[in-house]
Structures are given as C-alpha cells and as structure tokens.
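Next come the chains, spelled out residue by residue.
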Amino acid sequence: MKVKTILITGGSSGIGKKTGQYLASLGHIVIGTTRQFVLKDEQLFEEGTISMVTMDVSNPISVKKAIAIIYHHCKNIDVLINNAGYGIAGALEDTSVSEANNMFLVNLFGVMEVSNQVLPYFRAQGYGQIINIGSVAGYVSLPFQGLYSASKAALLSYSKTLRNELRPYNVTVSVIEPGDIKTNFTANRQYTNRTTNKSPYYIRAKRSIGVMEKDEINGDAPIVIAKEINKQINKKHPAIAITVGFKYKVFKLIFSVVPTRLSEYIVYQIYGK
Ligand SMILES: NC(=O)c1ccc[n+]([C@@H]2O[C@H](COP(=O)([O-])OP(=O)(O)OC[C@H]3O[C@@H](n4cnc5c(N)ncnc54)[C@H](OP(=O)(O)O)[C@@H]3O)[C@@H](O)[C@H]2O)c1
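Not measured: the values here are computed from a predicted model.

1. A closer look at helix 8 (residues 223-233)
Each α-helix turn comprises 3.6 residues. Residues three or four places apart therefore point the same way. Inspection of helix 8 places Ile225, Ala226, Glu228, Ile229 and Ile233 among the buried residues, and these make up the whole buried set. Each buried residue of helix 8 lies within a common arc of 165° when the element is viewed along its axis, so the set occupies one face. The secondary structure elements touched by the buried residues of helix 8 are helix 1 (14-25), strand 4 (79-82), strand 6 (128-133), strand 7 (171-177) and strand 9 (241-243).

2. Describing the pairing of strand 6
Among the six residues that make up strand 6, six are buried, leaving the element largely enclosed by the rest of the structure. Of the two faces of strand 6, both are covered, the one formed by Gly128, Ile130 and Asn132 as well as the one formed by Gln129, Ile131 and Ile133. In this sheet, strand 6 lies alongside strand 4 in parallel orientation, the contact comprising four bridges. If you follow Val79 over to strand 6, its bridge partner there is Gln129. Since strand 6 and strand 7 lie parallel, the crossover through helix 5 (residues 146-166) that links them has a hand, and here it is right-handed.

3. Some points on the site of the ligand
Every one of the 32 residues lining the ligand counts as a neighbour, but Gly10, Gly14, Arg35, Gly85 and Phe185 are closest to it. Elements with a minimum of two residues in the shell around the ligand: helix 1, strand 2 (29-34) and helix 6 (185-188). Ranked by residues supplied to the shell around the ligand, first place goes to helix 1 with three residues.

4. Re the sheet that holds strand 6
In space, the seven strands of this open sheet follow the order 3-2-1-4-6-7-9, with parallel pairing throughout. A single partner strand is all that each edge strand has here, and the edge strands are strand 3 (50-54) and strand 9. Sheet twist, expressed as the mean angle between neighbouring strand axes with direction ignored, is 20°. Of the strands in this sheet, strand 1 (5-8), strand 2, strand 3, strand 4 and strand 6 touch helix 1, which is tilted by about 165° from strand 2. Along the sheet face, helix 4 (residues 109-125) touches strand 4, strand 6 and strand 7 and points at about 170° away from the line of strand 4.

5. Considering helix 1
For helix 1, with 12 residues, the first-to-last C-alpha span of 17 Å sits near the 16 Å given by 1.5 Å per residue. Counted residue by residue, helix 1 has nine buried out of 12 residues, so it is predominantly covered. Here helix 1 has its buried residues at Gly14, Ile15, Gly16, Lys17, Lys18, Thr19, Gly20, Leu23 and Ala24. Backbone geometry just downstream of helix 1 places Gly27 in the positive-phi region, at approximately 105°.

6. Observations regarding the nonpolar core
Core analysis: the biggest nonpolar cluster contains 61 residues, and Ile6, Leu7, Val30, Ile70, Leu80 and Ile81 have the highest contact counts within it. Once residues within four sequence positions are removed from consideration, Ile81 is found in contact with Ile6, Leu7, Ile8, Thr19, Ile131 and Ile229.

7. Considerations on unusual backbone geometry
In the Ramachandran plot, Lys75 falls in the positive-phi region, its phi being about 70° despite a non-glycine side chain. Residue position: Lys75 is located in the loop between helix 2 (60-74) and strand 4. Judged by the 9 C-beta atoms lying within 10 Å of it, Lys75 falls in the exposed class. In the Ramachandran plot, Phe144 falls in the positive-phi region, its phi being about 70° despite a non-glycine side chain.

8. So, the environment of Ala68
On the secondary structure map, Ala68 appears in helix 2. Note on Ala68: 11 C-beta atoms within 10 Å, which makes it exposed. Considering only alpha carbons, one finds Ala68 and Leu147, 79 residues apart in sequence, at a separation of 32 Å.

Parameters at a glance
Residues numbered from 1 in each chain as written. Predicted model: local features only at pLDDT ≥ 70, side-chain atom pairs only at ≥ 80, totals over all residues. Buried ≥ 20, exposed ≤ 12 C-beta atoms within 10 Å, placed from the backbone. Helix = DSSP H or I, 4+ residues; strand = E, 2+ residues; numbered from the N terminus. Arc of directions from axis to C-beta. Contact = placed C-beta atoms within 7 Å. Pairing = 2+ DSSP bridges. Right-handed = clockwise from strand over helix to strand, strands pointing away. Near = placed C-beta within 6 Å. Axes fitted to C-alpha atoms, helices over the stretch in contact; angles between N-to-C directions. Expected span 1.5 Å × (residues − 1). Core = buried A, V, L, I, M, F, W, Y, C linked by C-beta atoms within 7 Å.

This is how it looks when you write it as structure tokens:
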C-alpha cells in the first residue's frame, strides 16, 4: 500500500473522525480539522494518529492558515476529503436568506474554498484526489430540510464540473452520498429561527424531522462510509458519485426510473404530511 497524506475537514466528530481514525490505522498520514482552537498545531503531527488543525471552512483566512501549517509539516497532500458540514431544518418559508447563506457557506462554498486553496498544489504535483461528502438528500429533495438538500444537490453539480475541469491535471473528484448515519449530525442540526409553534408548518416540520432523526439514530455506523472512502482512495479511476448502503442504492435506482410525480408523492408520504 502506498502511504498517502490525507486532509479531512471536520475530523473531530462522526464520519470525519471515524474515517480519519480508520485511514490512520491503515498507515496513512491523516490531518483532520476542527473549528476548535488546537494548541500548538506543530506538535500534533504524529504518525498513526489523526493530527488536528484549526480550520473554519467558512473563513478563507482560517483555511489559508491551516493549509500553510499542513504544507509546512507534511510537504504534500495526496487526498482532500471535504467532509465538514451541518444540517438545517425548517420550512423554506420559515428560512431566512441569511440562514440559507450560512448553509451554503459551509456545505458548498466551504468545499470550494478548501479545494481552491489545495488545487494549485495538486496541479503542480501532477495528481491529486478530492472526495466530497454529499448526501442522499442531494437527489431526494427533502421537505423541511430544503436548504440542506439544495446545498448537497449543488455540491454534486459543482463536483461533476470540477471533475471535468481537472481531468487534464490528473486530479479526480468524487462524491460519496451517505444515507442515514449515526453521528452528532442529528444533535448538531440547526432549526431555523422561524420554526416555532407560531409557524403554520410547525407540526408537519416537527413530525418530518422526527422521522429523519429516528432514521439517523438507527442508521449505519460511520465506519461504512470510512470503508467506502478507502475503497475510492485505492481505485485507479474513482467513481463520480457513490451512494453507500444497499437500501439507499435501491432508493436511488427507484428514484431514477419512476416518474417524478410518483417520487414526489412517495417523499410527501414519508416526510411531507
Ligand atoms: N450523519 C448523517 O446521517 C449524514 C448523512 C449524509 C451526509 N452527511 C454529511 O456528512 C458530513 C459529516 O457529518 P457528520 O454526520 O459526521 O456530522 P457531525 O458528527 O456533526 O460532524 C460534523 C463535522 O463537521 C465539522 N464542521 C461543521 N461546521 C464546520 C465549519 N464551518 N468549518 C469546519 N468544520 C465544520 C465539525 O467540526 P467542529 O465542530 O469541530 O468544527 C465536525 O467535525 C456532513 O457534510 C454531512 O452533511 C451526514
């Protein structure tokens, strides 16, 4: 196995933490990021563990600082995993543009910021791999999680374009699409400010998010995503978009063949009523 240097955003929790630990246990050099203040970054670059560096993906200066520290200590990055992200819940009418902006700032523009800062190095070294963590919600437009769905749909579109643009530079881009995974994502989900009992959507939104939360709590462990990421890292030609888990693969297939009105009806019955 070739030892790779892997940067994973959002390495402090859930999918990012488990993926980092798994890849480090296989012998890779893994750097994770967190918005928390990491004391003495430079002392944390040890083999066999995840080294943590402070980075807020929504802040270009913070990204620049972290990338500089990583290149100073590691000299190169082979794989960038854009994993940092969060969910937002509430009807679209109950979502302010500023809440929507923040969702995109982290889940899409954060990915773009980190990628844009790493890509000059990838092009210079003549290779590189980007793995973006999307979601099944990127192709199933979820009621009461509309902005989250929109951010992951946009991430898929962005990733496909980036992949084509980077083709001559031997840099690949893939999107891993988890279904329900048991992580702190559920507890960290933010409700929009207008999602209160004064909202005409409140009861439906609460019910819908309740269904989603139950599925997440009973969801797969993050190791299933870690193993899929490792599979893609070892591939000569990584896939464009990979939905993880048999149930979700079937779901995606059904959604790609049934008429849109039918898929809309199914989503309404599960999450919209
Ligand atoms: N869990 C699921 O069911 C599920 C399903 C589909 C897709 N996903 C996606 O998987 C990814 C990881 O989520 P998770 O389930 O592992 O959730 P999680 O346990 O809440 O972890 C989220 C991670 O993202 C980081 N993060 C959040 N905002 C950030 C910001 N502005 N800048 C830098 N880091 C930030 C957090 O780090 P700090 O708080 O330490 O900064 C944390 O490490 C997300 O992109 C999510 O959309 C999750």
